[in-house]
Amino acid sequence: MTDTAFLPDGWELVVGLEVHVELDTATKMWCGCATTFGDEPNTNVCPVCTGQPGSLPVVNKRAVHDAILLGLAINGHIAERCQFHRKNYFYPDLAKNYQISQYDTPLVSDGFLDVEVEIDGAIVIRRVGIERLHMEEDTGKSLHVGESGRIHGAERSLIDYNRCGIPLLEIVSHPEIHDPVTAQAYLRELQAIVIATGVSPARMDHGQMRCDANVSVRRFGDPLGTRTEIKNLNSVRSLGRAVRYEALRQVDEITGGNRIRLETRHWDESRSVTETLRVKESVTDYRYFPDPDLVAVTAPTERVETIRATMPELPAATRQRFADAGLNREQAIGVIALTAIDVYDDAVKHGADATRVAQWLVGDIAGVLTQESLTLAEAGLTGQHLSDLIAMIADGQLSHTMAKTVLGHLVDSRGQATPQAIAKKHNLVQLQDTDALRDIARQVVDENQETVQAIRGGNTKAIGALVGAVMAKTKGQADPRATNQLLNELINASA
Amino acid sequence: MSLPEEDVRHVARLARLFVTDDEVALFAPQLNAILGYAEQVAEVAADDVEPMVHPFAPADVARDDIPSPSLSRDAILAGAPAVEQMRFAVPRIVAEEG
Amino acid sequence: MARELTDHTAHELAVLLTDGTVSAREVTDAHLERIATFDGVDTSSGVWHRDDNTGSNDTAIHAFLHVLADAARDTADEIDAKRARGETLPAFAGVPVAIKDVLTWPGSPTTCGSRMLANWNPPYQATVVTRLIDAGLIPLGTTNMDEFAMGSSTENSAFGPTRNPFDVACVPGGSSGGSAAAVAARFAPFSVGTDTGGSIRQPAAFTGIVGTKPTYGTVSRYGLVAFASSLDQAGPFARTVADTAALHDIMRGHDPRDSTSITQAAPAFPAATTDLSGVTIGVISELVTDGFSPDVLARFNDTCQALSSRGATLIDVSLPHAPYGLAAYYLIAPSEASSNLARFDGVRYGLRVDADTAEEMNAHTRSEGFGTEVKRRIMIGTHALSSGYYDAYYLQASKVRTLIARDFSNAFTHVDALLSPTTPSTAFRFGEKTADPIAMYLSDVATVPASLAGIPAMSLPIGIGDDGMPVGVQIMAPLLRDDVLYRVAYAIEQTPLIPTGPRAVAEVNA
């Protein structure tokens, strides 16, 4: 039994994913304008990316390199020679009213990803074929002005071309995904690969990675059904939920005697529904033809092999390495998802215990980052920080609670302070078996003779109340284990 | 192959040209005549011939990924028919996106 | 009669400027004066525009759309000041030039002869314009053209036609008719045009001057508003071969901003020579047929004899696919144009016609901004690329293009250069071909094959036809061998058998 079990008996889900990845180049695909996210509108623009008459595109070398690198990482075939094509359609955010893309010969074809899917508690590997990866350019951004704030009902639209011309890769899977969990696993794996290769941070919340899902359903053995294309899938979670919703909706429609229309649908995350964005009356005629302004891109074997030789460790290999180091599967996936591989490696190199590092990363650190909406890099956390923190706990200098407090301050300082300095500054020092702690324990014993008698009478659990009292008097700085030991000594000695 | 008036309208739509009935009536026979002439290319046996995109062009022309100065926003917006909030303003968009 | 400054060639002016006989300001003023007298411009401000008070009796040439008179005088003064300070200046510093209004030039509107761009001031400068300015040339202004370079007569300009200085009742050819007329009328010693299917060579032939379409990729297209990207190439016009070569040399060179720009260095242009010993020239049989008028063929045959007398070996050569060139061209060029001109939508620059929705605004802007010929070609191209027609039209035409290029390279294994008449007939009269697009297109029948192959080609005058209008011969050479054009052209130019050069425009306009 698979995850398609959410559909009524006899129905099969068919999903193909189109994923767009914005490359992390310094400049745009065809011109030297910066690709900085979030700049003032129309400040990173020039004659080329605003489609001024007479301007001409020149390919960004880095973008081709990155596309080949990612193509190899998804096990694709790199075309020896390919040409850019123009995809002609009118839209105000498209400065030339054609998008430079690739058509009959994409740079990369016939790739695949092996993704791990958990089915009924067991991990199985599913291979998802990738039809193509091609290079293209991003469009500008439209701000819809008017009451609704969305395109429908807007009075007018305002166009910013800062994003126009940023290098984009489109990665198209074969329609051979049959359950939402595999779709999610594919997207997660692709994202991890994109990050591992360094071609893009692939942040879906910044639009650096975008996913459209082509969804159809059919009765087992039937030919493919009419598909709908779902847009606005801004997270892996949305993808799973949207596919599930859409598949059920389509089965309902068909069993209710209706036909599925070829249309684009919008995933509304807050209402958890897909809804019609526009109906495709006929297949759009894009009039693709080779772009005469651009010359062929060639990828001779030597060049491809040179790039392959620089391939960094990919997620599958990382997961294996983590397993060998004693991490469980959730930890391994978690560390990768957190883009924390470098920090992990660094912390381990500084002597920290691998599983402990992983626990911190996927536990408290992930929690803080989510809460503060930061990435690990933005928070400034390093392997050195983490190994220091873990060492301070092991030495008894910090309790786990104190360590969490230190972590909070560390993130607040964006990694500028050291754990030691933070602990010192905030007086986060655990009281060990010292004279001071002994004095306080004695005081507590004296003040709580009833409890002491109860313990002596065999109610050993009552010691907890005394530990609590010591903690209260030391404002939480006492080492619980040392306190426990001291109290026992004092109670037994005076018996 | 001839191009009936209906096709002239279709082509005009694809090319985003507004055409009046009079223009359709004018263009249809002219376009047919031009296409009729151009269809001579079909007489050439060229099945195994590679199409030519560039008469004479090198391959792999590319630039380094090094930023160069952009134009000032004022310079780019100066030519725009309508500007609002430092952006190019257009009336509401109804057609579908690519 | 004393020679006016405007009668001089660029080379002659360069000598006078260098030795201090005249100043750049004097040269510039002389040309501006002649423009003011004969071109029909309103000189009431520092930027001269075409005079609106024109009627059917108008005999002004109308070569210019904008004359940047004040700016030209300022540039001339700067050059004179530099020379006075003893600075080393480029060879042609101070010589005026006219520029087709299709190259971006901040400071002057770049209209492309279209209402769409009537008020467009480009925010950047074409590489070719930069090269002219760096060479110390003085750009006088921008010249009239068929809208977006689509046409063979300048009758498709949104701002009215240009007249042929030889006979103002005739068209100057097109699309670079304004640049050709400016040189023929001695408004400038040389000028810049662009050629997609013959737009330099045909007007050169019609106005009795020299014009070269360089090897594709040797002159930067950056800042050249595209008609058909795989064919467009800017090139020089002048009244002599040597001046044409000089301007050509200034314009050419690699440009990293144009991906189709060629890095290989082409051979230097030769010094003037009349000896063609050892040179084999092929006459293209398919382009010397009864489709060409008898007087054109007669002048052409005179030219062939003259070349033989200079020591060249002439042989007949067949380019079997050349007759399909025009058909292929009128699929490929409109296809590319349909896409290139999509950007004119009323959003970022140029004309906007207001409407309720963006889509209607686009459609009405394009309908009002583009003229009839441009719309026709956009529709042909859109159709040729559309689903179901692509293979039969665009793709098949691109294959025919390969075969035409192959025909040329085969021919060039036997010959150093190829020869044909430039046009089937001499300049026609206004309105003669406007109702019949195909009749108009046929004036490009001889020039289009070289465009498709990307090879260099040139037209130069070889005398006068029965109607008193100039006849041109077309020389073609292998890729990157633009130098060969000039070698052959010098020999033709210096052959006394052939009356060359235009009659003075002053008499025409008297």
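Check the entry above for the structure.
Criteria and cut-off values
- Residues numbered from 1 in each chain as written.
- Chains lettered and ligands numbered in written order.
- Predicted model: local features only at pLDDT ≥ 70, side-chain atom pairs only at ≥ 80, totals over all residues.
- Helix = DSSP H or I, 4+ residues; strand = E, 2+ residues; numbered from the N terminus.
- Rg over C-alpha atoms; globule rule 2.2 N^0.38 Å.
- Contact = placed C-beta atoms within 7 Å.
- Nonpolar A, V, L, I, M, F, W, Y, C, P; charged D, E, K, R; others polar.
- Buried ≥ 20, exposed ≤ 12 C-beta atoms within 10 Å, placed from the backbone.
- Axes fitted to C-alpha atoms, helices over the stretch in contact; angles between N-to-C directions.
- Parallel < 35°, antiparallel > 145°, perpendicular 65-115°, else oblique.
- Left-handed = near helix turned anticlockwise from the far one by under 90°.

A. Fine view of the overall build of chain C. Of the regular secondary structure elements, chain C holds 16 helices and 13 strands. Taken against the 2.2 N^0.38 rule, which gives 24 Å for 510 residues, the C-alpha radius of gyration of chain C at 21 Å falls within 12% of a compact globule. Summarising its shape, the C-alpha atoms of chain C cover approximately 70 × 55 × 45 Å along the three principal directions. Pairs at least 24 apart in sequence give 74% of the contacts found in chain C among residues at least 6 apart.

B. Expanded view of the interface of chain B and chain C. On the side of chain C, 60 residues touch chain B, which itself brings 49 residues to the contact. At the level of elements, α1 (5-14), α2 (21-38), α3 (73-78) and β3 (87-91) of chain B are the ones that each hand at least two residues to the side of chain B that touches chain C. The dominant element in the side of chain B that touches chain C, judged by the number of residues it contributes, is α2(B), at eight residues. Among the residues making up the side of chain B that touches chain C, the classes are represented as 41 nonpolar, four polar and four charged.

C. Focus on unusual backbone geometry. Of note, the amide linkage connecting C:Gly174 to C:Ser175 takes the cis form, showing an omega dihedral of 10°. Examined against the element boundaries, C:Ser175 turns out to sit in the loop between β5 (138-143) and α5 (177-184). You will see that A:Asn75, though not glycine, has its phi angle at about 65°, which is positive. Following the sequence through the fold, A:Asn75 ends up in the loop between α1 (61-73) and β3 (77-78). For A:Asn75, a count of 15 C-beta atoms within 10 Å translates into the label partly exposed. Phi angles above zero are rare outside glycine, and C:Arg186 is one such case at about 60°.

D. Inspection of the packing of helix α5 (residues 315-324) of chain A against helix α6 (residues 329-337) of chain A at higher detail. Residue and element names in this part refer to chain A. One way to put it is that α5 packs onto α6 with a least axis distance of 9 Å and a crossing angle of 135°. Relative to α6, the element α5 lies oblique. Two packed elements cross with a definite hand, and for α5 against α6 that hand is right-handed. Taken together, the residues of α6 that come into contact with α5 (itself represented by Pro315, Thr318, Arg319, Phe322 and Ala323) are Ala332, Val335 and Ile336. Its residues assigned to classes, the contact of α5 with α6 shows six nonpolar, one polar and one charged.

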